[in-house]
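# Descriptive structure summary
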Amino acid sequence: MRTKSILFLMACVVCLSVLAEQATAQLITSVNRRNPDGNSGDTQAALGGVLNEGSTCFSDRTHAYKNIPPELAGIAEFVITCNDDKDNPNHELDIVLSARANVYLILDFRLGDESNANPPTMTSIMAWVATMGFVDTGLKVDIDENNDGSIENYGQLYVAEFPAGMITLREQNNGGSRNMYGVAAIMVDPTFNPAPSVNAGADIAVAKPVFPHAISLDGTVTDEDPEEPDPGQGPWELSMEWSQVSGPATVTFSDATIEDPTVTVTAPGTYVLQLSATDTEKDASDTMTIYVNDTSKDTLMAHWDFEALEAVPQAPVVDGARDNNGAWASDGTDPNAAPNVVAGWITGSAKALDTNSPNPGHVNVTIDETEPNFIEGPRFAMTISSWIKVDQFARTWSTLVSKGDDSWRIARQSRSGTNNNAMCVHFNGLAPGAGMPGNGPNGTISVNDNFWHHVCGTYDGEMIRLYIDGVLDVSGPYSGLINTSTYPVQIGANAQQANRIWDGAMDDVRVYNYALDEAAIRAMTAQGKVVPYVKVVPFTAPIVYRFGQQIPLDGSVEDYGQGGMTDVTILWTTVSGPEEGVEAVFADPSDPATTVGFPQFGTYVLRLTAIDAGANAEAFVEITVDVISPTCQDVIDAGLTLVGDINKDCRVTLEDFAILAAQWAKCNNPADSNCEWPFEEE
């Protein structure tokens, strides 16, 4: 998307008469004071012309400027402001400049955060002064309050440069008995030619390249000198060019002379590109970096299955993938406490680790210094997978495995206003998409049921996804590179944040430097039994019901654990009805997406239950259904009354004919003078 404001600098010799005209042209063309506070002495600010010795400071006082620095005297134009605005917090002063100018604020020396500060400081009041770019010049102007030659006060000079157009100055210290500021301006040298402004755009990370890979660039080049001619009217033409600074292979630009071309890369690695611009007199440039992932290095970085774990102090925890081994560390009162080794859960697992009871603790992982995937990343993409078992969460952000908050973690979801019995996966350093929270989306599926669950979080360079038992819990768009971190990897804790020990057991912890797809995640889920995932879309409004009607139910049951749905029994039941013994009638109680009818009007609570016999677990969801009878008013509101229903009672009877007969031969056409006037008289 191109948004630019390109103006061009004159390169021809300007005649002396034009320079003279520029020198004498009015710089401050108008001034407007807004939001007066109604003080008796309030007067409008006014143009003061050229600032000279003895010029009037304020329109409502006799104060005069004295000992004006030569940089301003007889050169600057100034504004006569109003002293009574000193206690107006809503004061705004609009000043219109005809050309780029250095604007000076003459700030009373008593205006600072502390009275009589020299020079005045404005850190807690009048923050707009610094925000607009005004800086202290070190110069001052004396103020003769009675214009009688005596100097009572002075103003410190602050300056900032502004382009032609309107600028708005704001309030003085609210409620202070101090003089208002003054304003002066001097035109910037009309022959001044600033260098172009160049922004090569944000860095780009490509996680899933297919070579050759085309990438859209987003550079911006501007040249804001107001005295430059229109394009093509002078020899100083603005031009730009993209070039390659470094990279593992030569890149190709679709058009190197425009701001936002596409660039094609043919190999993974880090590329530095430069956008340069010149107006033939001055040059400027900026660089950006493209990081292209090498997917041939996708690997399982660590796999801690706890099969070699023994219940001894400082027990070693072996990484079966890449020798990133760890050691048990007690977080309880006994530093020599042994880990609690529990029975494994998934196929082929004999042992698992309980970090919470009876001996709380974690595992400190030692990463080999030659292991680039942990030392330098992973950055482009990642998968964190584990089996977990939690009875009750007791710790905020209880952490399963992490490399500190600054890099990545998978933990208990602990944000306010969210389900704190769910999980979350966070990757720090990414840019969230619209509406997404920082680091990662908030999990929703509760896991605190004292049963084993498979949890898996992924980032593929474009999306973060969180799966619970093979079911996609939440996802959201994110982009960029995952932060690196100096904090070590810990299993069952967070090295960057204390007291975040995992509140339960874990088995088969894995970390990949790429994002597993859904099929691979469900294949891991199938290694163990899981609780079925039951979901029903609730009714958002009462059902206007006709007896005998069948209402569709939007339920679903998923089980991606060992055995899948073969061991799962599904059943719809009525928890309660409008009266004792009144139950809904399901067309097929074993179908989660069946239909239902109701024997009478009222409120029903329906339950969808899934029982996994192999896992010895069940889950259910309940919904409330309000069943109401439509009324005649509903028919009227829908515009469905019968043609002859004159009295609107949803039937055509002799009463309707009597009304019709009483009005037979009447008319109320206002265009016919013989008819009754249909409109009510005032």
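See the structure shown above.
Below or above, wherever it landed, is the structure these notes cover. Computed from a predicted model, the values in this text were never measured in an experiment.

## What about the overall build of the protein?
Across its full length, the protein carries six helices and 44 strands. The globule rule puts the C-alpha radius of gyration for 682 residues at 26 Å, and the 38 Å found for the protein is more than 25% above it. Residue burial in the protein is summarised as follows: out of 682 residues, 45% are buried. Restricting the contact set of the protein to residue pairs at least 6 apart, pairs at least 24 apart contribute 67%. As displayed, the protein offers around 31,800 Å² of accessible surface, 50% of which is attributable to carbon and sulfur atoms. A gap of 4 Å separates the mean positions of the 35 positive and 92 negative side-chain charges of the protein.

## Some points on the environment of Glu241
Position of Glu241 relative to the elements: it lies in strand β15 (residues 239-246). Distance in space between the C-alpha atoms of Glu241 and Glu259 is 8.0 Å, their sequence separation being 18 residues. In contact with Glu241, other than residues within four places in its own chain, are Ala256, Thr257, Gln274, Leu275 and Ser276.

## Section: the state of the cysteines
Throughout this description, disulfide means a covalent bond between two cysteine sulfur atoms. Per the counting criterion, the structure on display carries two disulfides. With a sulfur-sulfur separation of 2.0 Å, Cys632 is cross-linked through a disulfide to Cys650. Handedness here is read from the sign of the S-S torsion; for Cys632 and Cys650, about 95 degrees, the answer is right-handed. Separated by 18 residues along the polypeptide, Cys632 in helix α5 (residues 632-637) and Cys650 in the loop between α5 and α6 (654-662) bring together distant segments of the chain. The residue that forms a disulfide with Cys667 is Cys675, at a sulfur-sulfur distance of 1.9 Å. An S-S torsion of about -110 degrees defines the bridge between Cys667 and Cys675 as left-handed. Not part of a disulfide, Cys57 finds its nearest cysteine sulfur in Cys82, a span of 13 Å. Since its relative accessible area comes to 0%, Cys57 is described here as buried. Looking at the unpaired Cys456, the closest cysteine sulfur is the one in Cys424, lying at 14 Å.

## Some thoughts on the sheet that holds strand β19 (residues 283-292)
Strand pairs in the sheet, formed through backbone hydrogen bonds, run parallel or antiparallel to each other. The strand order across the open sheet built from four strands is β12-β19-β18-β15, with neighbouring strands paired in mixed fashion. On the outer flanks of this sheet lie β12 (204-206) and β15, each paired with one strand and no other. The mean angle between the axes of side-by-side strands here comes to 25 degrees, regardless of whether they run parallel or antiparallel. Direction of pairing for strand β18 (residues 269-278) relative to β19: antiparallel, over a ladder of ten bridges. If you follow Gln274 over to β19, its bridge partner there is Thr287.

## Observations concerning the sheet that holds strand β7 (residues 135-144)
The strand order across the open sheet built from seven strands is β2-β4-β10-β6-β8-β7-β3, with neighbouring strands paired in antiparallel fashion. Edge positions in the sheet fall to β2 (46-50) and β3 (64-66), since each has one partner strand and no second. Strand-to-strand twist in this sheet, taken as the mean axis angle between neighbours without regard to direction, amounts to 35 degrees. Bridging between β7 and strand β8 (residues 153-162) involves six bridges; their strand directions are antiparallel. Note that in β8 the partner of Lys140 across the bridge is Gln156.

Basis of the calculations
- Residues numbered from 1 in each chain as written.
- Predicted model: local features only at pLDDT ≥ 70, side-chain atom pairs only at ≥ 80, totals over all residues.
- Heavy atoms only, no water.
- Helix = DSSP H or I, 4+ residues; strand = E, 2+ residues; numbered from the N terminus.
- Rg over C-alpha atoms; globule rule 2.2 N^0.38 Å.
- Buried < 20%, exposed > 50% of the residue type's maximum accessible area, 1.4 Å probe, protein only.
- Contact = heavy atoms within 4.5 Å.
- Areas by Shrake-Rupley, 256 points an atom, 1.4 Å probe, with all protein chains shown as cover.
- Lys, Arg positive; Asp, Glu negative; His and termini not counted.
- Charge placed at Lys NZ, Arg CZ, Asp CG, Glu CD.
- Disulfide = S-S within 2.5 Å.
- Pairing = 2+ DSSP bridges.
- Axes fitted to C-alpha atoms, helices over the stretch in contact; angles between N-to-C directions.

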